[in-house]
Amino acid sequence: MSTRLVTFALDGRRYGVAVDAVQEVLRGQPRTRVPLAPATVAGLINLRGQVLTAIDLREQLGLPAYSGEEEPMLVVIRVAGEPVALLVDSIGSVVDVDADQFEPPPDTLTGIARDLILGAYKLQDQLLLALDVDRAVAA
């Protein structure tokens, strides 16, 4: 059985989320900081009159902070019917993966990231880490 994933990059790694969960991809949306919010909350975004929470996936996965050279892109996903924006380095493509390519999270993945990754798909040139969007947004 094949699964279709939207891919994106974070700190040189390739991640994927189910295409059904993705509402849209955006660039350069201004964010409003939320005082006293956890570090994983990058701010709020006004998307055509709807206010969305933006999650800093680098912070959430324990990766180094953005260098500030490029504005992160946003992947708007739906979790429990509500849109949430994920900050990512860049957007990849939509790929089809098969269940026989799937493996548990690699042993090299440690810390909080291990809890937020469902597993990895072996692609021809690299691993594609499948993000558990429900846990990534809730954590």
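This is a predicted model, so every value here is computed, not measured.

## A short note on the overall build of the protein
Working step 1: When its secondary structure is counted, the protein shows three helices and 11 strands.
Working step 2: Relative to the 2.2 N^0.38 estimate, which gives 14 Å for 139 residues, the radius of gyration of the protein is 15 Å and therefore close to what a compact globule would have.
Working step 3: Seen through its principal axes, the protein has C-alpha atoms that stretch 45 × 30 × 30 Å.
Working step 4: Expressed as a percentage of the 139 residues in the protein, the buried residues total 42%.
Working step 5: Look at the contacts in the protein between residues 6 or more apart in sequence, and 52% of them connect residues 24 or more apart.
Working step 6: If you sum the accessible surface of the protein, you get close to 7700 Å²; carbon and sulfur atoms cover 49% of it.

## What about a nonpolar patch on the surface?
Working step 1: Together, V34, L44 and V51 line one region of the surface with nonpolar side chains, adding up to about 220 Å² of accessible area.
Working step 2: Its location among the elements puts V34 in the loop between β3 (22–27) and β4 (41–47).
Working step 3: Owing to a relative accessible area of 33%, V34 belongs among the partly exposed residues under this scheme.

## Some words on the environment of V84
Working step 1: For V84, the location among the structural elements is in strand β7 (residues 82–88).
Working step 2: A C-alpha to C-alpha distance of 9.6 Å links V84 and L44, two positions 40 residues apart in sequence.

## Quick look at the packing of aromatic side chains
Working step 1: All chains considered together, the criterion is met by two aromatic pairs.
Working step 2: Between R58 and the ring centre of Y66, over which it is positioned, the NZ or CZ distance is 5.0 Å.

## Quick look at the sheet that holds β7
Working step 1: The strand order β3-β6-β7-β5-β4 describes an open sheet built from five strands, whose pairing is mixed. Unpaired on one side and paired on the other, β3 and β4 mark the two borders of the sheet. Strand-to-strand, the axes of this sheet are offset by a mean angle of 30°, without reference to chain direction.
Working step 2: Inspection of the sheet shows β4 paired to strand β5 (residues 50–56) by six bridges, in the antiparallel sense. Considered in β5, the bridge of L47 is made with Q50.

Rules used in this analysis
Residues numbered from 1 in each chain as written. Predicted model: local features only at pLDDT ≥ 70, side-chain atom pairs only at ≥ 80, totals over all residues. Heavy atoms only, no water. Helix = DSSP H or I, 4+ residues; strand = E, 2+ residues; numbered from the N terminus. Rg over C-alpha atoms; globule rule 2.2 N^0.38 Å. Buried < 20%, exposed > 50% of the residue type's maximum accessible area, 1.4 Å probe, protein only. Contact = heavy atoms within 4.5 Å. Areas by Shrake-Rupley, 256 points an atom, 1.4 Å probe, with all protein chains shown as cover. Patch = residues over 30% accessible without salt bridge, like charges linked within 9 Å, V, L, I, M, F, W, Y side chains within 5 Å. Salt bridge = Lys/Arg side-chain N within 4 Å of Asp/Glu carboxyl O. Phe/Tyr/Trp six-rings, centres within 6.5 Å; stacked < 30°, edge-to-face > 60°. Lys NZ or Arg CZ within 6 Å of the ring centre and 35° of its normal. Pairing = 2+ DSSP bridges. Axes fitted to C-alpha atoms, helices over the stretch in contact; angles between N-to-C directions.

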